[in-house]
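# Residue-level structure breakdown
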Amino acid sequence: MPSRNKLYFASDFHLGAGALGSSRAREDRIIRWLDTIKADAAELFLMGDVFDFWFEYKTVVPKGYIRFLGKLAELTDAGVKLYLFKGNHDMWMFDYFEKELGATIISNELKIERGGKKFFLHHGDGLGPGDNFYKLLKNFFRSRFCQWLFARLHPNFGVGIANYWSTNSRIANSKKEDHKPGEQEWLVTFCREELQSNFYDYLVFGHRHLPLDIQMTPGSRYINLGEWVNFFSYAVFDGEELKLEYFEKLDMMSADR
Ligand SMILES: [Mn+2]
């Protein structure tokens, strides 16, 4: 038995986005990945937009994702520590996963130190310069008032509208984010500013939907975890180094042809 000594990071599964078949295929692939990390994972960080939409009513949760949630339960029961970050698509996670899975729900950033390395972790939405309208919207959506209001809608209507929106999103239509990362990257700007006042070895985000590994300063890297509609990318920390990897990459390359 290998010891549990690795940290795994992934984000933007967007479960539920796209046609039912493609979402199930994505769920199956995630489960194959979780099976491969089950033996040596100490901690698993799922860094937001795991679900394309999520809302917990007082007594009811959305249908679906049975195999995925069962697999997460298998991991946490086996002793893997699970962190679930709120993304912009699934910011309405409350205490269901805490109670059912023993997960820790992270609302904003999480700063940790492992193996002498410092990590800054965040989904990545609403950071950096600009995007003021979104930042305002995020504050409203995260308010108790807005959550109370949404919970008053009948789920067939409230979740129905949310699912309708999500079918039109870029990721639901399997579009790859293909902009070249450059100076205009808002997360690069955020990292640069953050590093002026604090030191981190790794600043890790999702949300951008593009796997990135950018050296910011000689000791610091910005890692973006990509997504699981096109890239199946994740990061693993073995106690010494953080690496960006691709799950079932050969499949991905042949699908690209
Ligand atoms: Mn996002």
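Residues numbered from 1 in each chain as written. Predicted model: local features only at pLDDT ≥ 70, side-chain atom pairs only at ≥ 80, totals over all residues.

### A short note on the environment of Glu56
Structurally, Glu56 can be placed in the loop between β2 (41–46) and α2 (66–77). By the C-beta count within 10 Å, which is 16 here, Glu56 ends up partly exposed. Residues Glu56 and Lys111, spaced 55 residues apart in sequence, show a C-alpha to C-alpha distance of 27 Å. Not counting chain neighbours up to four residues away, the residues in contact with Glu56 comprise Val61, Trp92, Met93, Phe94 and Tyr96. (Helix = DSSP H or I, 4+ residues; strand = E, 2+ residues; numbered from the N terminus. Buried ≥ 20, exposed ≤ 12 C-beta atoms within 10 Å, placed from the backbone. Contact = placed C-beta atoms within 7 Å.)

### A closer look at the sheet that holds strand β5 (residues 110–114)
Spatially, the 5 strands line up as an open sheet ordered β5-β6-β7-β9-β8, and their pairing is mixed. Only two strands of the sheet have a single neighbouring strand rather than two, namely β5 and β8 (211–217). Adjacent strand axes in the sheet meet at a mean angle of 20 degrees, parallel and antiparallel pairs treated alike. Sheet topology note: the strand β7 (residues 202–205)/strand β9 (residues 220–225) ladder contains 4 bridges and is parallel. The residue of β9 that forms the bridge with Tyr202 is Arg221. (Pairing = 2+ DSSP bridges. Axes fitted to C-alpha atoms, helices over the stretch in contact; angles between N-to-C directions.)

### A short note on the pairing of β7
Regular strands show a simple pattern: their side chains alternate between the two faces of the sheet. Burial along β7 is two-sided: the residues Tyr202 and Val204 and Leu203 and Phe205 are all buried. Both strand β6 (residues 117–122) and β7 contribute to a ladder of 4 bridges, which runs parallel. Paired with His122 across the bridge in β7 is Phe205.

### Regarding the sheet that holds strand β3 (residues 81–85)
Ordered in space as β4-β3-β2-β1-β10-β11, the 6 strands form an open sheet in which the pairing is mixed. Both edges of this open sheet fall to β4 (104–106) and β11 (242–246), since each of them pairs with a single strand only. The average undirected angle you get between the axes of adjacent strands in this sheet is 20 degrees. The pairing of strand β1 (residues 6–10) with β2 spans 5 bridges and is classified as parallel.

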